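# Examination of the molecular architecture
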Amino acid sequence: MSKPIIQLENISKYYTGAGGVGLGLRKVNCSFSLGEFVIITGPSGSGKTTLLNVISGMDTYEEGILYINGEDSTYFGPKEYEEYRRNYISFIFQNYNLVDSFTVYQNVELALIARGLSKTERQDKVLQIIDEVGLSHRKKHRVTQLSGGEKQRVAIARALASDAPIMVCDEITGNLDKKTSEEIIALLRKVSYNKLVLLVSHDIEEAIMHATRVITMHDGMIESDVETGQKPQSDIALTIPESKSVATKTAVDLGIRFLFSTPKKLVLLLFIFMVLNILSAYAYSLYAFSDSNLGGGYWVGVNKFSYYPGRIVVKKTDNSPITPEEITALKNIKGVKNVIKYDLALERSAYFYFKNIDYYDYNTSVRSTSELREKDLIAGSRLPQNENEVVFSVRYLPEETELKDLLNQPIRLRFEVEDSARDAVIVGVFEGEGEIYVTDPVLERLQQLAIMSVSSFSFTIPGAPPVERGLIIIPDATLSGKEAILKMVVGETRTIGPFTTDVNFSNLFLTRTLKDLNVTVRMEDYPGKEAGYGDWRSQVENDYGYLPRQILRVSEEEFANLGLNDIFQVSITPENPDKDLELARKIEEGPFYALALSDFQTNYGNVFSVVTEIFMVILVALLLVGIYFLAYISLKNIIYSEKQGFLVMRSLGIDGQKIRIQIFAQLLTLALITFLTMFIAWAIIRLRQRFFILQIFARLDLLHILTVGFIIFVLAVFLALRYSKRLLMSTIVAKEFA
């Protein structure tokens, strides 16, 4: 007889449970060689399956030594056991342990995948083995379409494909009729003359004619070990099949194969992930479109100063400047009444008072005279012709004052981003909302100042740390070249400089540097006055030192170097304000994003509106939490339904890391498919949408959509980590992964 390939010396196995300690094996001593066909029999609970599990590395033992080809396995850890199962053991079980969703070909191929063979190497060998067990005509059939005998033939074919020297068979004929059982045993013996076959069976009669030994177990011990008349083949050389670790790409492919092998499960998983995508997108939109976050993609606030009925804010999708040709194209879109180039000026309010009438207003909206027609004004009015002329829409009138009394009246006027007031004349009047209409040159100047008010600046003063703060830069005709004067209201009065420094300027759309400015800093104390209700003229004049407190005056030449003439955002006034949403969608058919401000108006004076909004936020939050837990439970049950397939892979020697990769591949593939579906739906919805919930979805820009995708992928990663850990704990030996 050949040298023993397996030898057990005083092996004992114990099980612990709530009822105490149970005996699995007690002081078992035996050995096995290649060429043997050994039947292990005995009553239920006698320890025959436990013996098989210990020999095959599917279970541990507490006492004794297991020698594998003469090597002590006492020191074996998870990695060594995986290599042992991959190189030495092939399994055939009573319940077949096949992957039901795979075809005959794919099940047999698994054994070769576990050995690390390439796809080309696997193909011919799989077909040859399937033919050897008589299943060539069924190679493309799923396992669920096979009879019991055919399933067992597939299990034998997979064992042959692993080419391991030891075949472990546990009650493989228990579910078969007598005739089929005899055929399976005969086939098993036919293909295994040069291997060690260990067959656990209650009925030894069906296999006795092929057996070389019969071992009878009782109470965890070997009761008898009898040789039969069949002589094992001797002097068989041990051949360990060449194998290598499964490639990561192969593990990914296998995981995706698992995912797509069960269409019904795939559809359910896609549905769950799609719900997560949609709800995440909707939840994120609540954050993205809050008033404090609208500025993340646009220079716009949603308030009573910047909003007027129908206003649509437009920018390029790539944040590049809007060209004059594109502005003309926007004007030519059907339904567009007017395009306001100097859009950011509309975000600032105006302060004014009449010189000769007891009338003033601190917070007046700024509008463009290009929106007006003379017939809209009262008799005697006209449109402004220069920067010092304005039109006033009157919100209220002082007592004993009529609209015509305001016509041609001089006023003192200051805009929010300016540090001093100027003279102006009202040349047109009509009833309205208390707005000041100015010419395009005024709007252009305000646009440049407003851009700086939403920008950040950094520069260095000698002897002081770098300065990073808000700053307004204005041109000064009295300065030339690199001369500059920096006014800073800081609580003290002194002068520093001149000195040379660079001023860095950046905002949402552009970054600029004014190099080598020759700066003189003039620090000023805070004004000593305090504003009171009756000091409205002083407030308009800005005698109280209201912002801006940092003003950098530069030459007109340097100011031009800032490049503030580029138009990055415009406002569009529709002919019909009620159709602003429809017009916004039409505009977005070009290379633009369009934001209709009417979508984001909230009446904060209405208590019911505030309560409703809070209630909706809470409701959505609770809904998201509920959906998350429902999705987790649903996904858990579906993913765990693959436990049988992963158990098969572990028994074939595929390591735990590759199982993890498969689970990651499945969940990340689901996340990718559903995200791409959502992305395509988002693109279509942005072209044309009809319902409120779709309007909210369409408002998400590309960055928002990518953020939602990131959230979904992070969720998939965390789910994969959790599921893979639990699945690995429940496949093969828990002790290996504790």
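Residues numbered from 1 in each chain as written. Predicted model: local features only at pLDDT ≥ 70, side-chain atom pairs only at ≥ 80, totals over all residues. Heavy atoms only, no water.

## Focus on the overall build of the protein
Scanning the protein for helices and strands turns up 19 helices and 27 strands. The buried share among the 738 residues of the protein stands at 52%. Here the contacts in the protein between residues at least 6 apart in sequence split such that 76% fall between residues at least 24 apart. Entry remark: accessible area of the protein is about 33,800 Å², with carbon and sulfur atoms responsible for 54%. (Helix = DSSP H or I, 4+ residues; strand = E, 2+ residues; numbered from the N terminus. Buried < 20%, exposed > 50% of the residue type's maximum accessible area, 1.4 Å probe, protein only. Contact = heavy atoms within 4.5 Å. Areas by Shrake-Rupley, 256 points an atom, 1.4 Å probe, with all protein chains shown as cover.)

## A few points about the packing of aromatic side chains
Under the criterion given, the structure shown has 12 aromatic pairs. Here the aromatic rings of Tyr84 and Tyr88 are separated by 5.5 Å at their centres, their planes lie at 40°, and the arrangement is tilted. Here Tyr84 pairs with Tyr88, and both are found in helix 2 (residues 78–88), just four residues apart, close to one helical turn. A residue is classified by how much of its surface remains accessible, and Tyr84, at 3% relative accessible area, is buried. (Phe/Tyr/Trp six-rings, centres within 6.5 Å; stacked < 30°, edge-to-face > 60°.)

## Some details on the environment of Tyr15
Within the secondary structure layout, Tyr15 lies in strand 1 (residues 4–17). On the basis of relative accessible area, Tyr15 is assigned to the partly exposed category, the value being 34%. Apart from the residues lying within four places of it in its own chain, the contact partners of Tyr15 are Gly20, Val21, Gly22, Gly24, Thr50 and Asp59.

## Remarks on the sheet that holds strand 7 (residues 166–170)
The sheet built from six strands is open, its strands ordered 6-7-8-3-9-10 with mixed pairing. Each edge of the open sheet is held by one strand with a lone partner, namely strand 6 (89–93) and strand 10 (221–227). Looking at each pair of strands side by side, their axes are set apart by 15° on average, direction ignored. Both strand 9 (residues 213–218) and strand 10 contribute to a ladder of six bridges, which runs antiparallel. Among the inter-strand pairings, Met217 is bridged to a residue of strand 10, identified as Ile222. Along the sheet, helix 6 (residues 178–190) contacts strand 3 (37–41), strand 6, strand 7 and strand 8 (196–200); its crossing angle with strand 3, the most-contacted strand, is approximately 140°. (Pairing = 2+ DSSP bridges. Axes fitted to C-alpha atoms, helices over the stretch in contact; angles between N-to-C directions.)

## Examining the pattern of salt bridges
Think of it this way: side chains of opposite charge can pair up when their charged atoms draw near. A complete count under the given rule lists 25 salt bridges for this structure. Between Lys13 and Asp59 there is a salt bridge; the shortest N-O distance is 3.2 Å. In this pair, Lys13 is assigned in strand 1 and Asp59 in the loop between helix 1 (48–56) and strand 4 (63–68), connecting sequence segments 46 residues apart. Members of the salt-bridge network, linked through shared partners, are Lys13, Asp59 and Glu62. (Salt bridge = Lys/Arg side-chain N within 4 Å of Asp/Glu carboxyl O.)

## Some details on the packing of helix 3 (residues 104–114) against helix 4 (residues 119–132)
Axis separation between helix 3 and helix 4 bottoms out at 9 Å; the angle between their running directions is 120°. As far as their axial angle goes, helix 4 and helix 3 are oblique. Both helix 3 and helix 4 take part in a crossing whose hand is right-handed. From helix 3, Val104, Tyr105, Val108, Glu109, Leu112 and Ile113 reach across to helix 4, where they touch Arg122, Gln123, Lys125, Val126, Leu127, Ile129 and Ile130. Its residues placed into classes, the contact of helix 3 with helix 4 shows nine nonpolar, one polar and three charged. (Parallel < 35°, antiparallel > 145°, perpendicular 65-115°, else oblique. Left-handed = near helix turned anticlockwise from the far one by under 90°. Nonpolar A, V, L, I, M, F, W, Y, C, P; charged D, E, K, R; others polar.)

Coordinates in, geometry out; function isn't part of it.
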